[in-house]
Amino acid sequence: MTATESATAVDTALERGIRRLLELQRPEGHWVGELESNATMVAEHLFMLHFLGLRDPETDRKLANELLARRREDGTWAIWWEGPADLSVTVEAYVALKLAGVDAGEATRAYIRREGGIAGTRIFTKAFMALLGQWPWHAMVNVPVELILAPPGAPLSVYDFACWARQTLVPLSVVMALKPVRPGGIDLGEIGARPGRNRRPLVTRLRRRAIRAAERWVRERQEADGSWGGIQPPWVWSLLMLAALGHNREDECFRHGIDGWAGFMVDEGDRMRPEACQSPVWDTGLVVLALRAAGVPADHPQLVKAGEWLLREEIRVKGDWAVRRPELEPGGWAFEYQNDLYPDIDDTAVIALALRELGLGEDAVRRGLDWTAGMQSANGGWGAFDADNTKDWIPRIPFCDFGAVIDPPSEDVTAHVLEALAPDPSYEDVVRRGLDYLLGEQQPDGSWWGRWGVNHVYGTGAALPALEACGIGPGHPAVRRAIAWLDSVQREDGGFGEDVLSYADRSLRGRAGFATPSQTAWALLGYVAGGASASGPARAAADWLCRAQRPDGDWDEQAYTGTGFPLDFMIRYHLYRISFPVLALGRFRERGLDEVSAPLDGGDR
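Residues numbered from 1 in each chain as written. Predicted model: local features only at pLDDT ≥ 70, side-chain atom pairs only at ≥ 80, totals over all residues. Heavy atoms only, no water.

### Points about the overall build of the protein chain
Consideration 1: Looking only at helices and strands, one finds 21 helices and 5 strands in the protein chain.
Consideration 2: Here the C-alpha radius of gyration of the protein chain, 24 Å, is about what a compact globule of 605 residues would show, namely 25 Å.
Consideration 3: Here the analysis covers contacts within the protein chain between residues at least 6 apart in sequence; of these, 73% occur between residues at least 24 apart.
Consideration 4: Put simply, the protein chain shows about 21,900 Å² of open surface, and 50% of that area lies on carbon and sulfur atoms.
Consideration 5: Charged side chains of the protein chain number 65 positive and 85 negative; the gap between the two group centres comes to 7 Å. (Helix = DSSP H or I, 4+ residues; strand = E, 2+ residues; numbered from the N terminus. Rg over C-alpha atoms; globule rule 2.2 N^0.38 Å. Contact = heavy atoms within 4.5 Å. Areas by Shrake-Rupley, 256 points an atom, 1.4 Å probe, with all protein chains shown as cover. Lys, Arg positive; Asp, Glu negative; His and termini not counted. Charge placed at Lys NZ, Arg CZ, Asp CG, Glu CD.)

### Things to note about the packing of helix α6 (residues 123-131) against helix α9 (residues 232-244)
How two helices pack is summed up by the angle between their axes together with the distance between the axes.
Consideration 1: Remark: α6 packs on α9, axes separated minimally by 13 Å, with the N-to-C direction vectors making an angle of 30°. Classified by the angle between their axes, α6 and α9 sit roughly parallel to one another. Crossing hand, α6 versus α9: left-handed. Across the interface between the two elements, Phe124, Ala127, Phe128 and Leu131 from α6 touch Val236, Trp237 and Leu240 from α9. (Axes fitted to C-alpha atoms, helices over the stretch in contact; angles between N-to-C directions. Parallel < 35°, antiparallel > 145°, perpendicular 65-115°, else oblique. Left-handed = near helix turned anticlockwise from the far one by under 90°.)

### Brief notes about the packing of helix α16 (residues 428-440) against helix α17 (residues 456-469)
Consideration 1: Between α16 and α17, the shortest axis-to-axis distance is 11 Å and the interhelical angle comes to 140°. Considered as vectors, α16 and α17 are oriented oblique to each other. Two packed elements cross with a definite hand, and for α16 against α17 that hand is left-handed. Contacts from Leu435, Leu438 and Leu439 in α16 reach Ala463, Ala466 and Leu467 in α17.
Consideration 2: Among the residues making up the contact of α16 with α17, the classes are represented as 6 nonpolar, no polar and no charged. (Nonpolar A, V, L, I, M, F, W, Y, C, P; charged D, E, K, R; others polar.)

### A closer look at the nonpolar core
Consideration 1: In terms of nonpolar packing, the biggest core is built from 208 residues, with Val95, Phe161, Trp164, Leu240 and Leu524 touching the most fellow members.
Consideration 2: Dropping the residues within four chain positions of it, tryptophan 164 is found in contact with Ile231, Phe385, Ala404, Val405, Ile406, Asp407, Arg451, Trp452 and Phe565. (Core = buried A, V, L, I, M, F, W, Y, C linked by side-chain atoms within 4.5 Å. Buried < 20%, exposed > 50% of the residue type's maximum accessible area, 1.4 Å probe, protein only.)

### Quick notes on the pairing of strand β5 (residues 569-573)
Consideration 1: Most of β5 sits out of view: 5 of its 5 residues are buried.
Consideration 2: Residues Phe569, Ile571 and Tyr573 of β5 are buried on one face, and the alternating residues Met570 and Arg572, pointing to the opposite face, are buried as well.
Consideration 3: Across 2 bridges, the pairing between strand β1 (residues 35-36) and β5 is antiparallel. Along β5, the bridge assignment pairs leucine 35 with tyrosine 573.
Consideration 4: The pairing of strand β4 (residues 562-565) with β5 spans 3 bridges and is classified as antiparallel. Looking across to β5, one finds that glycine 562 is bridged to isoleucine 571.
Consideration 5: Between β4 and β5, which pair antiparallel and follow one another directly, the connecting turn spans 3 residues, one of which, leucine 567, has a positive phi of 75°. (Pairing = 2+ DSSP bridges.)

### Considerations on unusual backbone geometry
Consideration 1: One non-glycine residue, aspartate 388, lies in the positive phi region at around 55°.
Consideration 2: With respect to the helices and strands, the residue aspartate 388 is situated in the loop between α14 (362-374) and α15 (411-421).

Okay, here's the thing in structure tokens:
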């Protein structure tokens, strides 16, 4: 490919990508792609409907079909695409299918028995089995409902947990205290069930007081769309809590919660699945940045409409974050359509960048950035939702076996914040402390860990633009080491891929048996920010993205490159495969590079 042909390839890829993204904008002005997770979302939806007495044959059939479509060839289910079999996911899928009248097969049963049966599953799985009468409530570590009575300054309170864990554990603790059962008419003895062994709940005066406080706490946090936090776990357990307390559709909070699920279901005819969450604000911010980088003018009608939609989503009320920052004025944005009580720092940084690209909403941007600066943790970094949510002994509590339960500062969130704050001199001291944190977290190999994306490619692709925004140039040792690390993990075809298992296996950092559009784009963003856009590896990454693009402007990506809880809850963001490549190619072209093609061995640096 000649230099002219290569430059034309980037132009063509961007033209196609722009066209595709503009086609995908919703009429209201925002973008949102499906947030795909795993089979537990499907199984637990059926468990919830069963306990609430809301099942119907057609929904059972569609949910069962979705579970069958996600089953691996060996009869098991995994947490992510091409991931290893997972016992808890497989048990939940197996039981949900049986509840719907479908036999998952002997291979599934054999795997479950071999791995320890229900006894070997996580606390959430045991709790759902207990609701079905197939496991004793007392045969698991219970979350004490009395925890809700502890003040925020106590050695342990609900506010020491990450917001997503807090919102789930409070209603779950009430259900565990009440120990309700709604039998499903199935026998799970073949996978180690222990039916009919429940003890009567012990409800003391103190426990009754705690249950009332927990119910009030949950009711106060329902969002306008009926959800709790805009995410599946607290939503499901809050509804189960209300039902266990004797409420039904006559209760407005309960009714609103049930009706809200209609907007979270992906119905594909014969298959149906709930989304664990929805990402319209995040997706819209990323798409705006991508389109602007690709040369779409700020006054383009569709971008103006997107900016106006984002401004309507600004949060102006206090939430749980104010427990640790009571004097801080509210501002910022959430991830979801409705989550006013839990704005997040990552979204706020990205939306501030997007709105400034559009020249819109400077007052809202300033409020968001002031709030973000005020949410800085003591070590200089930023978590996703709270400040100083860092009690690292909490994950060792026996009932915390379901993934990340605290929200400490992370490299990628901090990087996005620095990218937004650094250009403004009024945040100089805050930026200096954040930069010290980010530089201190660089790994010996030159990479950065990725908390919310897989994994070191994501973290490094976020950190390098932050360093550039802070005035750290290509000659800085941290930048040189990061670029060298990217070079070391690039595939021969020019792409980048990283296996989810890199969260557990250091040898897989930056490596996988395949390349993905989103991860290749993250690497290219790092190259551009690190002053290496003219290098062979950067041009090879851009070439790979151009070659991999489909004629319709989209890219194919089955891999889960988003992270909820590392290893325990992984995400496939359906727009990542478009928004990040367009953003990366746009920034690559922005730097005035006239040619893309180069030897793929990277030897010309």
